[in-house]
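# Observations on chain architecture
Here are the chains, one letter per residue:
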Amino acid sequence: MAQHQFQTEVSQLLHLIIHSLYSNREVFLRELVSNASDALDKLKYLTVADEAYKTITFEPRIDISFNKDDKTLTVSDNGIGMNEGDLVESLGTIARSGTRLFLEKLAEDAKKNSNLIGQFGVGFYSAFMAADKIKVISRKAGEEKAFTWTSDGREGYDIEAGQRDSQGTTVILSLNEDGIEYANRWSIEDIIKRYSNHVAFPIYLTYDEKEWDDKGKEKGSKTKTEQINSGAAVWREAKSKLGEKDYHEFYKQISHDSDDPLFYLHTKAEGTLEYTTLFYVPQKAPFDMYQVDYKPGVKLYVKRVFITDDDKELMPSYLRFVRGVIDSEDLPLNVSREILQQNKILLNIKNASVKKLLSEFKSLADTAVSGSDEAKKKWETFVSQFNRPLKEGLYQDFGNRDALVELVRFKSSREEGWTSLAAYTGRMQEGQKYIYYIAGGDEKTLKASPLLEAYKAKDIEVLIMDDEIDDIVIPSVGKYKEWELKAVNRSGADEELGEKKDKSAEKELQPVIEKIKKALGDRVKDVKLSRRLEDSPSCIVADENDPTLQMAQMLKAKGQSEVPDIKPILEINGGHPIVSALKDTDDEERIADVAGVLLDQALLVEGIKVRDPADFVKRLNRLLSK
């Protein structure tokens, strides 16, 4: 017998599960059935695609049984199975980068977040909510040896030689006091019908049924085995035969989400290509949506045979939140993952699916404009959760950019809530040449930026772009219809604000500008009189050809050490008392202090760190003391 210690994250997880979870324990059975279904899917694929497995007799099924006297519940399948190495890898570790996030969420409110178990790929361990001890007996397809994994869910687990007549896995739960309530026919049937009714393999329940004589007295019992799920591939069913409940149940089965989906899209294509798709959009963004190693949400089938659920080529990355199924009639059953990435049939299915989804998103947006409160709420939920990945599509998917640019939404200096570029252009002033926006910080900071003062004074609307990717994505778009998009934090975006108010005043202030420029030296690219400022003494802008300071800061934070130091252009408000006071002084220390404070405060207002905080404080204190 080999003894093993659990990986640290597993130990933490098990402690939380055993000691903190009290609600919705029944999900453990859903997770065990889901694991069994995955094992059957994998072997089904190998028996049609790999010569080494074609001789295996394979009639896929999942069996559930229970014994009230022994307080046990058993879930068994005849799928791919596991050898010793697989048991260590699958049941002794959690190889998902999201585990840490899961543990944090679970620790915040264990009761509330127990439904997150399946979503984070740690479903097997949920069985310890109902069991004091778990035994797993497994034999890998094509191998002779079987192994038994045993654990009480505390410090570690044991693995020893086991006995199993054929490939597959049997999970035996020794139920605890809370779990014993599931050792009955009705509870099991209810859970399976609610969570796993549409698993594409038959699920059989074995139970003892009492027999009665003519006088109503019990005369014994008979063991019965019957299928308790429909076993239908939902996506293959005609839409007319399916209700919303069927769609929602299937979504929860494939996504491990406890909530209903936001909406779904079921399509069957016939003609040159024959395929079926069933796509879902969740109510909430997947927890790993912004992780590099996110788990794809779309499964690929060929003629109902599962091929893969781990191929990021099935959907563009900006639609990684979509869940569902693609089932093709035209792909070969033995298609490999390498071939998939270059397969023209799959590429055509993918392109058509993306267009369908974007069209559905557009319909959702259009319905929200004139529809019910429910339609508006649905669209607002969609935007709040998935607006940012759609913006990524503007940068990645040139072919669908026209559709995407109508879908993305922004905040505004004038309007409450979200607005589109189409809505913005509908509100533009007569003769306005550009769509103005400000990017590079959080919404509150951007709305308070001095850069907006003159635009607000002239009632020119400015779009507030507070996603960190906006600074990269929006310049790549360039134009919306005939209007160019202009960033107000760039030097050339102020032409529509009119001429400087007083040219004689500008000439009079030129010596002040030269003093400030000399005092700041190479800290700035230039110092100019501003047309943007009404109340604030100064602001910073970027040269037309330079990245903004915010973008440079973001790139450095992401590890790009070769980003050059960007020097801002300082714009000053000639009518502000702080600036005017410099006209009649040649005190170089005072000029240097004022110039330094004007620059540093302009940086701080835009959410940018000052180069030397201690120096800024000294200069400010000297000015205050005078």
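It should be noted that the structure appears before, not after, this text.
Counting restarts for each chain: residues are numbered from 1 in the order of the written sequence. Under the rules for a predicted model, residues below a pLDDT of 70 receive no local features and side-chain atom pairs below 80 are neither given nor counted, while totals for whole chains, interfaces and linings still include all residues. Based on all heavy atoms of the structure, the side-chain values leave hydrogens and waters out of the count.

On to the packing of aromatic side chains, then. Each aromatic ring pair is characterised by the separation of its centres together with the angle its planes make. Working definition: rings of Phe, Tyr and Trp (its six-membered ring) pair if their centres are within 6.5 Å, and the pair is stacked with planes under 30 degrees apart, edge-to-face with planes over 60 apart, and tilted otherwise. Overall, the coordinates contain 20 aromatic pairs when judged by the stated rule. Seen from their ring centres, Y251 and Y280 are 5.0 Å apart, and the 45° between their planes marks the pair as tilted. Of this pair, Y251 sits in helix α6 (residues 244-255) while Y280 sits in strand β11 (residues 275-281), and the two are 29 residues apart along the sequence. Residue exposure (1.4 Å probe, protein chains only): buried if accessible area is under 20% of the type maximum, exposed if over 50%, otherwise partly exposed. Looking at Y251, the relative accessible area reads 1%, which means it is buried. Using a relative accessible area of 0% as the deciding quantity, one classes Y280 as buried. Taken together, a centroid distance of 5.2 Å and an interplanar angle of 55° make the contact between Y436 and Y455 tilted. Placement of Y436 in strand β16 (residues 434-439) and of Y455 in helix α13 (residues 453-457) is noted, with a sequence separation of 19 residues between them. Here a helix means four or more residues in a row that DSSP labels H or I, a strand means two or more in a row labelled E, and each is numbered from the N terminus.

Of all 5 residues in strand β12 (residues 298-302), 5 are buried, a share of seventy percent or more. Pairing of β12 with strand β14 (residues 323-328), which is carried by 5 bridges, proceeds in the parallel orientation. The partner of V302 across the bridge, within β14, is S328. Sheet analysis places β12 next to strand β13 (residues 305-308), joined by 3 bridges and oriented antiparallel. Residue V302 lies in a different strand from β13, and its bridge partner there is V305. The criterion for strand pairing is that DSSP finds at least two bridges linking the strands in question. Following β12, the chain reverses through 2 residues before pairing antiparallel with β13; K303 in that reversal takes a positive phi of roughly 50°.

Moving on, we come to unusual backbone geometry. Residues other than glycine seldom take positive phi values, yet H256 does so here, at roughly 60°. Its place among the elements puts H256 in the loop between α6 and β10 (263-269). Among the residues examined, H256 registers a relative accessible area of 15% and is labelled buried. With a phi angle near 55°, K481 is a residue other than glycine that sits in the positive phi range. If you trace the backbone, K481 turns up in the loop between β18 (479-480) and β19 (483-487). Judged by relative accessible area, which is 57%, K481 ranks as exposed.

Any two packed helices are characterised by the angle at which their axes cross and by the distance between the axes. For the pair helix α2 (residues 27-49) and helix α5 (residues 185-195), interaxial distance at closest approach is 10 Å and the crossing angle is 65°. Where α2 crosses over α5, the two elements pack in a sense that is right-handed. On α5, the residues that touch V27, L29, R30 and V33 of α2 are I188, I191, I192 and Y195. Class assignment for the residues of the contact of α2 with α5 results in 7 nonpolar, no polar and 1 charged. A fitted line through C-alpha atoms serves as each axis, taken over the contacting stretch for helices, and the angle formed by two N-to-C directions is quoted from 0 to 180°. Left-handed describes a crossing whose near helix is turned anticlockwise from the far helix by less than a right angle; the clockwise case is right-handed. We call two residues in contact when some of their heavy atoms are within 4.5 Å. Residue classes follow a fixed rule: Ala, Val, Leu, Ile, Met, Phe, Trp, Tyr, Cys and Pro count as nonpolar, while Asp, Glu, Lys and Arg count as charged, and any other residue, Gly among them, counts as polar.

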